[in-house]
Every structure is written in C-alpha cells, then in structure tokens.
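# Analysis of the macromolecular model
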Amino acid sequence: MPTPRLVAFDLDDTLAPSKSAIDPRIGRQLLDLAERVEVAIISGGQLAQFTAQVVDRLPETDAEVLSHFHLLPTCGTQYYRLSPAGIETIYARALTDDQKQRALAAVEGEARRLGLWESETWGPILEDRGSQITFSALGQQAPVDAKVAWDPTGEKKNTLREAVQALLPDLEVRSGGSTSVDITERGIDKAYGMNRLVEQTGIPLDDMLFVGDRLDENGNDYPVLAMGVTCQAVDGWEDTAEFLDTLLPTLPRR
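The structure presented is a predicted model; accordingly, all values stated were derived computationally and were not measured.

Conventions we followed
- Residues numbered from 1 in each chain as written.
- Predicted model: local features only at pLDDT ≥ 70, side-chain atom pairs only at ≥ 80, totals over all residues.
- Heavy atoms only, no water.
- Phe/Tyr/Trp six-rings, centres within 6.5 Å; stacked < 30°, edge-to-face > 60°.
- Helix = DSSP H or I, 4+ residues; strand = E, 2+ residues; numbered from the N terminus.
- Buried < 20%, exposed > 50% of the residue type's maximum accessible area, 1.4 Å probe, protein only.
- Axes fitted to C-alpha atoms, helices over the stretch in contact; angles between N-to-C directions.
- Left-handed = near helix turned anticlockwise from the far one by under 90°.
- Contact = heavy atoms within 4.5 Å.
- Nonpolar A, V, L, I, M, F, W, Y, C, P; charged D, E, K, R; others polar.
- UniProt positions renumbered as here; feature names shortened; annotations may be inferred.

This brings us to the packing of aromatic side chains. Across all of its chains, the model carries two aromatic pairs by this definition. Between Tyr79 and Tyr91, the ring centres sit 5.7 Å apart and the planes meet at 45°, which makes this aromatic pair tilted. Of the two residues, Tyr79 sits in strand E4 (residues 78-83) while Tyr91 sits in strand E5 (residues 86-92), which places them twelve residues apart along the sequence. The same class applies to Tyr79 and to Tyr91, which are both buried. Here Trp117 and Phe135 contribute two aromatic rings whose centre-to-centre distance is 6.3 Å and whose plane-to-plane angle is 45°, an arrangement assigned as tilted. One end of the pair, Trp117, is in the loop between helix H4 (97-113) and strand E6 (126-128); the other, Phe135, is in strand E7 (residues 133-136), and 18 residues separate them in sequence.

Bringing the packing of helix H1 (residues 24-34) against helix H9 (residues 237-247) into the picture now. Where H1 meets H9, the axes come as close as 10 Å, and the angle between the chain directions of the two elements is 35°. Once H1 is placed against H9, the crossing between them reads as left-handed. Here Arg25, Ile26, Gln29 and Leu33 of H1 lie close against H9, whose contacting residues are Trp237, Thr240, Ala241, Glu242, Leu244, Asp245 and Leu247. Looking at the contact of H1 with H9, its residues break down into six nonpolar, two polar and three charged.

Residues annotated in UniProt with the feature "binding site: Mg(2+) 2" (unreviewed entry) correspond here to Thr230. Note on placement: Thr230 falls in strand E11 (residues 230-233). Here Thr230 falls in the partly exposed class, since its relative accessible area comes to 25%. Apart from residues lying up to four places away in sequence, Thr230 is in contact with Met1, Pro2, Met208, Leu209 and Phe210.

So this is what it looks like as structure tokens:
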C-alpha cells in the first residue's frame, strides 16, 4: 500500500456503529492521523450526524490539528472544514423542490407496495437532507440490533432501491446504511465526494486511501473502489481501530 497523503472514511459501521458516537479509541486515532495526513469522512448522513457522532466526541486538541479534517455529508454534496470558529461551510448543494417531492412520493409509494413501510419505528422514516432524500426503514433513531435484524442480507433494501430508481430515471437512488436508501442528483455517490476532495485539497486520488465497510458491489462504498482509489475493507469500528494501529506508525508526523 502506497503511503497516503489523505485518508478518507465511511462513517456508520466503519468509524462507529450506525448512528452512534465514536469510541474514545477512534477519537484518539483520528487526531493522531490528522497530525500526519489529511482526514476526511464521507457518508450519506447529514452534518448533524457528523457532529454528534464524531466532531463533538473528539478529544481536546489545537486548531492546527482540526484544520486537517474534511467533512463531506450526503456523499460530498456538502463540504465542511473545522476551524477555531466551529464548522465552516465550503459549499452545500441542494435538490430542487420538484426533485424532493417526486423522490419522497416514489420511495414511500414503493416501500408501501413492497410491504417495507413499517408501522412501528424509531423516529421519521423519511428525511429531507437538502441535497439528499433518505428513507430509513425503521426510523432515524432505530437501535443497531433492530437494523441488523431487519435486513441482514440487504435484499429488502436493494429491492426497494431498484423499484424507486425505475420511477426516478433523472435522479440517483443508492443503498445507504443498513436500512436506508438515499436519493440524490444523478452521479452523486462517494466517488463524487472523493473527486471533490481532489478539487479542495489538490491531493490526487493516487495519494488517497479510503476505509469502508461496504466495498462489495452492491455497497455504497463500492464507487470509490471502482474509481481506482486504494481501499481498505473493514468490518466494524473495531476492525478500523486495529487497521489504524498498524497504519499510524508508518506515517511520519508533519
């Protein structure tokens, strides 16, 4: 593996359990990594998730270290940096009202038709994230064990994705987290986010490393692998922590 200048991570089930805060071990490792290379997080989640799960859980450090963090919610349609003043917006794209309305109607209609619209949930099933509409089968705050049990093979989620995509040919419909489907503009996936990192940092893809838990062909991390970025597959945050224990000693401090 070539020595990276930037390491990018998926969030849920890579840095932390779904919708959960990072473990203190991961927090320390992320700061150690930021003292050596640029650190990016790319997820289909919204900024509030990044803040609650990662930013607010990082150990105390100085502004110089934090300046090396790049946050790309909704697969890079939004881009933020950390600064002494807080979270700084670099850009934020949004779907049109028409796109949002059609996406919401299509995903709810197909979920009901396929018997995937649950009556007992933890929070709202549908969410407008500005640049992305997200369907979460069990609600936004569903516990991890319930999510795993709902669709262990991913068949339900993939069936819904295909049905909704057929109704929205002008938009992109992708499998998201363990129980979610994301709808964005065409061409929006984690490869899009990686390309935005190239633009913002000037670091070529060949000098980047991506860490994710869904690098399989149907996974939402796969587009990064398909574009030729060096990738490390993990299975949960503990696996990521073990990988970082191996990677960090190979990277010199600035």
